[in-house]
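The residues making up each chain are set out below.
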Amino acid sequence: MLPCLLVLSALGLTAWGDSTQLSWSETQEREVSERLVDLFAGISQLLHKGRNGAPTIVSRKEWGARPLTCRGQLTPPVPYVVTDQLVGMECQEQDVCSLQLRGLQSRSVYTKGWCDVAYNFLVGDDGRVYEGVGWSVRGVHTRGYNNISLGLAFFGSKIGGSPSPAALAAAEDLVFYAIRKGHLSPRYIQPLLLKEEVCLAPQQPMMPRKACPNIIPRSAWEARETHCPKMNLPAKYVIIIHTAGATCSESMDCQTRVRDTQSYHMDRLNFCDIGYHFLVSQDGSVYEGVGWHSQGSHTYGYNDIGLGIAFMGNFVEKPPNAAALEAAQTLIQCAVDKGFLTPDYLLVGHSDVSNTLSPGKALYNIISTWPHFRQ
């Protein structure tokens with residue numbers, strides 16, 4: 001099965017890379033996006049052949065980086081590679097590329113306010129891999145995925161050009177080296193589609209991201225009929241929760257768990273219904289709890305103005321998988337698009353507004369990088 005790279009263009013998408021140093025027209029953005037498609041199709045073909053080489057990695061000390069002050073840690077192996085192409089940083093030799101990276105680091109720290117460069121590694125057009133924040137530290141390249149991906153950026157090619165064959169080969173070696181050393185999951189082929197991004201695979205059509213996730217209705221999991229107070233729509237908050245129980249990834253198992261949760265909430269806690277508006281399972285499914293129009297029973301003071309989205313499981317030590325994370329993000333955007341959630345909503349963890357461990361430290365670390373998050 002061919003690996004499928006998560007491709008993030010730095011132009012017009014949600015990547016945080018310091019890539020838009022010039023003024024671009026829509027035509028130029030489209031041209032760059034098309035070149036990125038060709039570029040990563042080429043990488044996919046190389047990966048399909050397989051390699052055993054080790055990349056030439058220029059250390060932070062060698063390129064003259066300032067001391068690393070970032071504290072967020074990655075938990076290996078991560079399931080995604082987030083790939084970007086930086087413009088306006090032309091170089092063909094190590095000395096010049098090092099100078100460009102020192103300038104990028106300065107802009108990242110003093111202009112952007114980040115702890116360092118956004119990426120874990122950067123691949124120069126000279127065919128060398130330059131250490132960014134490295135294997136163990138999370139980057140700041142993509143909201144929502146910094147904790148679960150390696151950020152890889154190409155730089156050094158002429159404006160309007162694609163990375164050199166040497167750069168492509170270096171990226172290929174880096175990916176295989178990451179898998180061999182346990183930094184990247186061999187199953188990083190899982191597809192993930194974000195807004196205008198595409199996941200590339202040879203001889204397969206590009207699939208657009210759905211506007212809303214497939215929400216499994218109450219009737220499918222045999223919910224009891226209830227009558228709860230109405231929500232005050234549009235909601236002003238999104239509250240991320242974990243159920244603290246077992247995870248599930250099979251439809252019948254998940255339906256049973258949702259049904260049992262409703263019974264526990266109603267029969268033991270005297271809630272009017274299941275406490276959450278929606279529940280998200282590890283297979284990326286979204287289950288309708290009380291839905292859009294009824295109040296939840298998840299957070300005192302926020303039940304009528306906050307949408308409670310519960311990840312099914314306990315995420316104190318390990319976060320939900322990528323399928324569940326994407327489903328939740330898609331659900332939030334769907335809520336905004338359909339008018340159930342105000343566009344300037346605030347996203348909080350359950351522990352931010354209630355005395356609880358929910359949603360768990362591992363999940364909290366991820367949602368703290370999502371748009372609209374407020375601690």
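Right above here is the structure, for reference.
Residues numbered from 1 in each chain as written. Predicted model: local features only at pLDDT ≥ 70, side-chain atom pairs only at ≥ 80, totals over all residues. Heavy atoms only, no water.

**As for the state of the cysteines**
So, point 1. On inspection of all chains with the given rule, the structure shows five disulfides.
So, point 2. Bridging cysteine 70 to cysteine 115, the disulfide has an S-S length of 1.9 Å. When the S-S torsion is 100°, as for the bridge of cysteine 70 with cysteine 115, the disulfide is right-handed. With cysteine 70 in the loop between helix 2 (60-63) and strand 3 (80-85) and cysteine 115 in the loop between helix 3 (94-111) and strand 4 (121-124), this pair connects stretches of sequence that are 45 residues apart.
So, point 3. For cysteine 115, a relative accessible area of 28% gives the class partly exposed.
So, point 4. Cysteine 91 shares a disulfide with cysteine 97; S-S distance 2.1 Å. (Disulfide = S-S within 2.5 Å. Helix = DSSP H or I, 4+ residues; strand = E, 2+ residues; numbered from the N terminus. Buried < 20%, exposed > 50% of the residue type's maximum accessible area, 1.4 Å probe, protein only.)

**Concerning the packing of aromatic side chains**
So, point 1. Taken as a whole, this structure holds eight aromatic pairs when the rule is applied.
So, point 2. With 6.4 Å between their ring centres and 80° between their planes, phenylalanine 311 and phenylalanine 315 make a pair best called edge-to-face. By the burial criterion, phenylalanine 311 is buried, and phenylalanine 315 matches it.
So, point 3. Taken together, the ring pairs connect Phe121, Trp135 and Tyr177 into an aromatic cluster. (Phe/Tyr/Trp six-rings, centres within 6.5 Å; stacked < 30°, edge-to-face > 60°.)

**Thoughts on the side chain of threonine 342**
So, point 1. Position of threonine 342 relative to the elements: it lies in strand 12 (residues 341-349).
So, point 2. The buried category is assigned to threonine 342, whose relative accessible area is 16%.
So, point 3. Each residue touching threonine 342, except ones within four places of it in the same chain, is listed here: Pro234, Ala235, Lys236 and Val336. (Contact = heavy atoms within 4.5 Å.)

**So, the nonpolar core**
So, point 1. Grouped together as the largest cluster of nonpolar side chains are 34 residues, with contacts concentrated most on Ile240, Phe311, Leu341 and Trp370.
So, point 2. A per-element tally of this core places helix 6 (residues 322-337) first, with 10 residues.
So, point 3. Once residues lying within four places of it in the same chain are set aside, the contact partners of tryptophan 370 are Arg143, Gly144, Ile240, Phe311, Leu325, Ala328, Gln329, Ile332 and Leu347.
So, point 4. Within the second largest apolar cluster, 19 residues are counted, among which are Val258, Tyr287, Ile305 and Val348. (Core = buried A, V, L, I, M, F, W, Y, C linked by side-chain atoms within 4.5 Å.)

**Topic: the environment of asparagine 365**
So, point 1. Along the polypeptide, asparagine 365 turns up in helix 8 (residues 361-367).
So, point 2. Residue class for asparagine 365 comes out partly exposed when judged on its relative accessible area of 27%.
So, point 3. In this structure the C-alpha to C-alpha distance between asparagine 365 and asparagine 147, which are 218 residues apart in sequence, comes to 7.7 Å.
So, point 4. In contact with asparagine 365, other than residues within four places in its own chain, are Arg138 and Asn147.

**Quick notes on the sheet that holds strand 7 (residues 215-216)**
So, point 1. On the basis of which strands lie adjacent, the open sheet formed by six strands has the order 7-10-9-11-8-12 and mixed pairing. Two strands lie at the open edges of the sheet, namely strand 7 and strand 12, each paired on one side alone.
So, point 2. Pairing geometry for strand 8 (residues 235-242) and strand 11 (residues 306-311), over six bridges, is parallel. Paired with isoleucine 241 across the strands is alanine 310, a residue of strand 11. (Pairing = 2+ DSSP bridges.)

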